[in-house]
Amino acid sequence: MRSPLEPLYKACGWVAGLFMITLLVTILLSILGRQFNFYIRGIDAYAGYCMGAATFLALAHTFSYGEHIRVTLVLKRFTGGIRRGLELWCVALGIGFSGFFAFYSCKMVWWSWKFNDISTSNDATPLWIPQLGMAIGTSVLFIAMIEEFFLVLRGKPLDDTPAELARTE
């Protein structure tokens, strides 16, 4: 079953990919600047902003495709109602953590905007702009966790990865 929220997760994944490409470009510009004696003000800070945005925006996309590392060693030892209860407990715990993180990420953006907080680096970027990536990414992850909770509640196993796709790193 495809999720109606899948376009949102895919959009976040694509934007995260664009931020990774931008991260690559900023790092290459920084390297070239050292080689050819030019400096772009704040390039290191912008590389950090891109890395943060790429990381947080990719969370929901990665989670919705089952690519987050999940420790199912304990869950696989149980069956029936106990396993289902543990799966629901795990996802509820994830909702709590992601909701907490999303709330405080959004609150941080709000306060940075309200107080006009500026980066201490030499780029002097208003901090609410790069913090938006974290706030949006954690909020979409929170939505994905809620969706996962209802899927597990309807009977979807928490670890429904086919054996041939299981990672053995």
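Before reading on, note that the structure itself is shown above.
Before going into details, it helps to say that this report is about the structure given with it. (Residues numbered from 1 in each chain as written. Predicted model: local features only at pLDDT ≥ 70, side-chain atom pairs only at ≥ 80, totals over all residues. Heavy atoms only, no water.)

### Side note on the pattern of salt bridges
Stated formally: Salt bridges are defined by distance alone: a side-chain nitrogen of Lys or Arg within 4 Å of a carboxyl oxygen of Asp or Glu. Where helices and strands are cited, they refer to DSSP runs of H or I of at least four residues and of E of at least two residues respectively, numbered from the N terminus. We call a residue buried when its accessible area falls under 20% of the maximum for its residue type, exposed when it is over 50%, and partly exposed in between, using a 1.4 Å probe and counting protein chains only.
Inspection of the entire model under this criterion finds two salt bridges. Here Glu6 ties to Lys10 by a salt bridge, and the two come within 3.7 Å at their closest N and O atoms. Remark: Lys10 and Glu6 occur in helix α1 (residues 6-36); sequence separation between them is four residues, near one turn of the helix. The exposure class of Glu6 is buried, given its relative accessible area of 15%.

### As for the environment of Trp89
Considering the arrangement of structural elements, one finds Trp89 in helix α3 (residues 80-114). C-alpha of Trp89 to C-alpha of Phe149: the two residues are 60 residues apart in sequence and 9.2 Å apart in space.

### Some details on unusual backbone geometry
Although it is not a glycine, Asn116 sits at a positive phi angle of roughly 55°. You can see Asn116 is positioned in the loop between α3 and α4 (128-153). Its identity as a non-glycine residue notwithstanding, Ala124 has a phi of 50°, on the positive side.

### Let's talk about helix α2 (residues 43-64)
Note on helix geometry: an α-helix contains 3.6 residues per turn, so any two residues three or four positions apart are oriented the same way. The line we're drawing: A helix is expected to reach a length of 1.5 Å times the quantity of its residues less one. Throughout, bend refers to the angle between the axes fitted to the seven residues that end at a position and the seven residues that start at it. We call two residues contacting when some pair of their heavy atoms lies within 4.5 Å.
With 22 residues, α2 ought to run about 32 Å at 1.5 Å a step, and its terminal C-alpha atoms sit 33 Å apart, in line with that. Along α2, the sharpest kink reaches roughly 35°, centred on Ala58. Residues of α2 that are buried make contact with α1, α3 and α4. At the C-terminal side of α2, Gly66 shows a positive phi close to 70°.

### With respect to the packing of aromatic side chains
Here is the rule we go by: Centres within 6.5 Å make a pair out of two Phe, Tyr or Trp rings, where for Trp the six-membered ring is used; the pair is then stacked when the planes are under 30 degrees apart, edge-to-face when over 60, and tilted otherwise.
Evaluated as defined, the whole model comprises seven aromatic pairs. Ring geometry for Tyr46 against Tyr49: centres 5.6 Å apart, planes inclined by 80°, an arrangement best described as edge-to-face. With a gap of three residues between them, Tyr46 and Tyr49 both fall in helix α2, about one helical turn apart. By relative accessible area, which is 34% here, Tyr46 ends up partly exposed. Note on Phe149 and Phe150: the rings are 5.7 Å apart at their centroids and 80° apart in plane angle, and the pair reads as edge-to-face. Judged by its relative accessible area of 47%, Phe150 falls in the partly exposed class. Aromatic ring contacts, followed pair by pair, group Phe100, Phe103 and Tyr104 into a single cluster.

### A word on the nonpolar core
We count it as follows: For this analysis, a nonpolar core means a set of buried residues of the types Ala, Val, Leu, Ile, Met, Phe, Trp, Tyr and Cys, connected via side-chain atoms within 4.5 Å.
The biggest cluster of nonpolar side chains holds 15 residues, and the ones touching the most others in it are Tyr9, Leu57, Ala60, Phe63, Val140, Ala144 and Met145. Per-element tally for this core: the top contributor is α4, with five residues.

### Re a nonpolar patch on the surface
The criterion, for reference: The patches reported here contain residues having more than 30% relative accessible area and no salt bridge. Joining distances are 9 Å for like charges and 5 Å for nonpolar side chains (Val, Leu, Ile, Met, Phe, Trp, Tyr). Only the protein chains shown count as covering a residue, and every accessible area follows the Shrake-Rupley method with a 1.4 Å probe.
Together, Leu18, Ile21, Val25, Leu29, Leu32, Phe36, Phe38 and Ile40 give the surface a local cluster of nonpolar side chains, amounting to about 720 Å² of exposed area. Among the secondary structure elements, Val25 is positioned in helix α1. Judged by its relative accessible area of 42%, Val25 falls in the partly exposed class.

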